[in-house]
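Single-letter residue listing:
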Amino acid sequence: MRRKTELSATPGRVDQAHGSVLDAVLAIALKDATAELRRRTAVVAVLFFAATALALVSFAIGPFGLPPDDRPPVQAALLWIILFFAAATGLPRAFAHEEETGTALALRKTLPAGRVLAGKALFNFVLFLAIAAVTVPGFAVLLEARAGSAAGLAATVLAGGYGLAVVSTFLSALSARAGQRHVLFVLIAFPLLSPLLLTAIQATLEALRGGFPGTPLRVLIAYDGAASCGAYLLASVAWEE
Amino acid sequence: MKILKLLLLPYMAAVVAAAFLWPEPAKGFIGESSRIVFFHVPCAWTSSLAFVVAAAYSLAYLVKRNPWHDEVAHSAVKIGLLFGVLTLITGSLFASIMWGTWWNWDPRESSYLLLVFLYAAYLFLRAAVDDPERRARIAAAYALFAAVVMPFLVFVAPRVTASLHPQTVINPQGKILMDTPTRAVFFGALAGFSGLFLWLLSLDARATRASRLERAR
Amino acid sequence: MPSATTLTAENLSKSFSGPPLFRGLSLSIRGGVVGVAGRNGSGKTTLLKILAGLMRPSAGRVLVERDGRPIPDPDRRLAVGWSGPDLELYGELTAGENLLFFRRAAGRPERREDARRRLRDCGLDEEAFDRRVEEFSTGMRQRLRLAFATLFEPDLLLLDEPANGLDAEGRAVLAALVARTRERGAVVLASNDERDLAGADERVELGAGAGRKA
């Protein structure tokens, strides 16, 4: 489906081109990425946080010398706890920063909330993958985690991360102009993300033990679908003036 | 309406008395502990009902933007929190009698704990927004989003194979395995607690509305 | 000349947990320049935001129509241009990147040359295109706001304190912009400064019980 591209601005001519959702989503994600790369505050802070948490966990758990069979549940749980808190540090900036700098108005004037949310969720998903790229190998090295099913682990990180990104972005929109933003975010995120985290932990556990976690993955994907629909439909309510 | 409210007190008194006096304690339970089903289950039912009410009225608020709907949703969450906490306490008491521990990380238990956290989170969110219209709108968005996402908890819970939680009232055979006195008191309690919920809901919501109207004058 | 795009406000009122800023305000923007006057805090910014769709009124509604029919979202957002003192663009991006981003995101990408021309039309020089907005002066930022307001060639412009921080040259640019838009549509201009409202065809007075003067 080709949409009409307005290449020259002719004053007085009203263009009836419909912007596609994908245009908006990609443009926003790219813009957030560009701005973030130039600013570098969020990315650096979040990756540092993940690395610190990883180090702390390794120092704490390492000396206990858990027998290899007992390790997977602990590793699975700790992985997602670190991912959750790292995400809670970085992902809410999606909307918070726009409100702080005053650019939210320009965005809201130009685009429907659903598209803005989708674009930011995409950026947040990429940010999450960056966190996972640091954390998961870190686990393999420092906590001697061995994934029996690497594909299963990868699928879990992707499916779990997507849900985490979507829900975090939505809640970021909700809490963008509330007081006590940082604490508030964790409080309101925890109950909603718990089903996701528990399922992801279960899936990670199965993957670490060698099996492809089919059942938990199905639940994750269903959760992701429901959360995406819910977030998109409620976006304008969450982010209106 | 008023007559129902007045009857609620003697009715509930009768239910409580009956719970302790009429049915025999169930087999397979330690001592009189099975009687807790007359309190624990209705509390659980009520706090779940509160969630549905809150979600429904949140949707109504977003459609109509009538502050009353927001007040009802808010009250429903507060009362849902109350009954949720009671569910956890009664469940915990039962667990301590049956298995000697106060908490077991049973999926059903944990899902109620999360429900309580959800209610608390809703209330925190409300407390963090000053402007009444924005507060109502944001709270409604949160409640509806939760309604979309939280049911997955129901899928997470049963996936654990073994559960300590006693078989629920509705079981695979589709029959209610209770004798007549137990059944009578159980459903009586369920009705009574529901009535209690509706009455508290009405009271709290109307009180909130009254203070809003008072401020507007 | 009457505008193809019209904005109608019916019975608007707005209050922020207190007495209403205005009540029962109805407007019909069909052409010319409508001046909105009132002291600080009288609700000019709020009114313009409501007309722009950035805020919901406590009561009443705003209709944006073309040839008598309501314009569907998302085009509706682009049919009315707005600029206000709260408006900020992305500091880490250059002026050019900002404009190109908003055009692309709205599904109406444009060439760099066209974006450059826009900035020139708003009185920003060539090198501003590649300068980060965080380095802009007050006057430059204001010019950029005007560029944002006219980004989608709207027939209807809502300008809130558009002359803030502008020098004589900037004011001339603004006047030209208003004149151009007035030719094919309408402009609603809110200001504390009577100079800005001098050429208005109609006036709306806000504050102490909103009223409307033709």
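As the structure is a prediction and not an experimental result, all values here were calculated from the model.

Draft legend 1. Spotlight on the overall build of chain A. Counting its secondary structure elements, chain A contains nine helices and zero strands. Counted from the first residue to the last, chain A has its helices and strands arranged as α-α-α-α-α-α-α-α-α. Radius of gyration (C-alpha) of chain A: 20 Å, near the 18 Å computed for a compact globule of 241 residues. Once the C-alpha set of chain A is aligned to its principal axes, its extents read approximately 75 × 35 × 30 Å. Among the 241 residues that make up chain A, the fraction classed as buried is 55%. Relative to all contacts within chain A whose residues are 6 or more apart in sequence, the contacts with residues 24 or more apart total 84%.

Draft legend 2. Layout of the interface of chain B and chain A. Each partner contributes residues to the interface: chain B has 23 residues there, and chain A has 25 residues. Secondary-structure elements contributing two or more residues to the side of chain B that touches chain A are α4 (107-127), α5 (132-149) and α6 (151-156) of chain B. Residue contributions to the side of chain B that touches chain A peak at 10 residues, all from α5(B). By residue class, the composition of the side of chain B that touches chain A is 22 nonpolar, no polar and one charged.

Draft legend 3. Just helix α3 (residues 95-105) of chain C, in detail. Taken across its 11 residues, α3(C) has nine buried, putting it largely inside the fold. All of the buried residues along α3(C) are C:A95, C:E97, C:N98, C:L99, C:L100, C:F101, C:F102, C:R103 and C:A105. The inward-facing, buried residues of α3(C) abut α1 (21-39) and α5 (104-110) of chain A together with α4 (112-121) and α5 (138-149) of chain C. At the C-terminal side of α3(C), C:G107 shows a positive phi close to 85 degrees.

Draft legend 4. Broad picture of the pairing of strand β7 (residues 156-160) of chain C. Residues and elements named next belong to chain C. Within β7, five of the five residues are buried, which leaves it mostly tucked inside the rest of the structure. Of the strand pairs in this sheet, strand β6 (residues 80-83) and β7 are connected by four bridges, and their pairing is parallel. Residue S83 lies in a different strand from β7, and its bridge partner there is L159. Relative to strand β8 (residues 186-191), β7 is paired through five bridges, and the arrangement is parallel. By the bridge assignment, L156 is partnered in β8 with A186. In this fold, β7 hands off to helix α6 (residues 168-184), which returns the chain to β8; that crossover is right-handed.

Draft legend 5. Seen up close, helix α8 (residues 181-208) of chain A. Residue and element names in this part refer to chain A. Here α8 contains 28 residues, and its C-alpha end-to-end distance of 36 Å is more than 12% below the 40 Å for a straight helix at 1.5 Å per residue. The sharpest bend along α8 measures roughly 55 degrees and falls at L193, with the proline P195 sitting one to four residues further on. Counting buried residues along α8, 22 of its 28 residues qualify, which places the element largely inside the surrounding structure. A positive phi of about 115 degrees marks G210, the residue just after α8.

Draft legend 6. Highlighting the nonpolar core. Counting residues in each nonpolar core, the largest one holds 199 residues, and the members touching the most others are A:F170, B:A50, B:A54, B:A76, B:Y142, B:A143 and C:V188. Of the residues forming this core, the biggest block, 15 residues, is contributed by α8(A).

Draft legend 7. Main features of the sheet that holds strand β1 (residues 5-14) of chain C. Residue and element names in this part refer to chain C. As summarised here, the arrangement of the four strands in space is β2-β1-β4-β5, forming an open sheet in which the pairing is antiparallel. Both edges of this open sheet fall to β2 (22-29) and β5 (69-70), since each of them pairs with a single strand only. As paired strands, β1 and strand β4 (residues 59-66) are joined by seven bridges and run antiparallel to one another. Across the sheet, residue L7 finds its bridge partner in β4, namely V64. Strands in contact with helix α1 (residues 44-52) are β1, β2 and β4; relative to β1, the strand with the most contacts, it is inclined by about 130 degrees.

The rules we used
- Along each chain, residues carry numbers from 1 onward, in the same order as the chain's sequence is written.
- The order in which chains are written sets their letters, starting at A; the order in which ligands are written sets their numbers, starting at 1.
- Whole-chain, interface and lining totals are the exception, using all residues; otherwise, since this is a predicted model, local features are given only for residues with pLDDT of at least 70 and side-chain atom pairs are given and counted only at 80 or more.
- The secondary structure listing takes helices from DSSP runs of H or I that are at least 4 residues long and strands from runs of E that are at least 2 residues long, numbered from the N terminus.
- Atoms counted for the radius of gyration: C-alpha only. Globule rule: 2.2 Å times the number of residues to the power 0.38.
- The burial label depends on the number of other C-beta atoms within 10 Å of a residue's C-beta. Counts of 20 or more mean buried, 12 or fewer mean exposed, and intermediate counts mean partly exposed, with C-beta atoms placed from the backbone.
- Throughout, a pair of residues is in contact if the C-beta atoms placed from their backbones lie within 7 Å.
- We call Asp, Glu, Lys and Arg charged. Ala, Val, Leu, Ile, Met, Phe, Trp, Tyr, Cys and Pro are nonpolar, and the rest, Gly among them, are polar.
- Criterion used throughout: strands pair if DSSP finds at least two bridges between them.
- By convention, orient the strands away from the viewer: a clockwise path from the first strand over the helix to the second makes the crossover right-handed.
- By definition here, a helix of n residues has an expected span of 1.5 Å times n minus one.
- Note on bend: at a given residue it equals the angle between the axes fitted to the 7 residues ending there and to the 7 starting there.
- A set of buried residues qualifies as a nonpolar core if it consists of Ala, Val, Leu, Ile, Met, Phe, Trp, Tyr and Cys joined through C-beta atoms within 7 Å.
- The convention used is that axes are lines fitted to C-alpha atoms, helices contributing only their stretch in contact, and that angles between N-to-C directions extend from 0 to 180 degrees.

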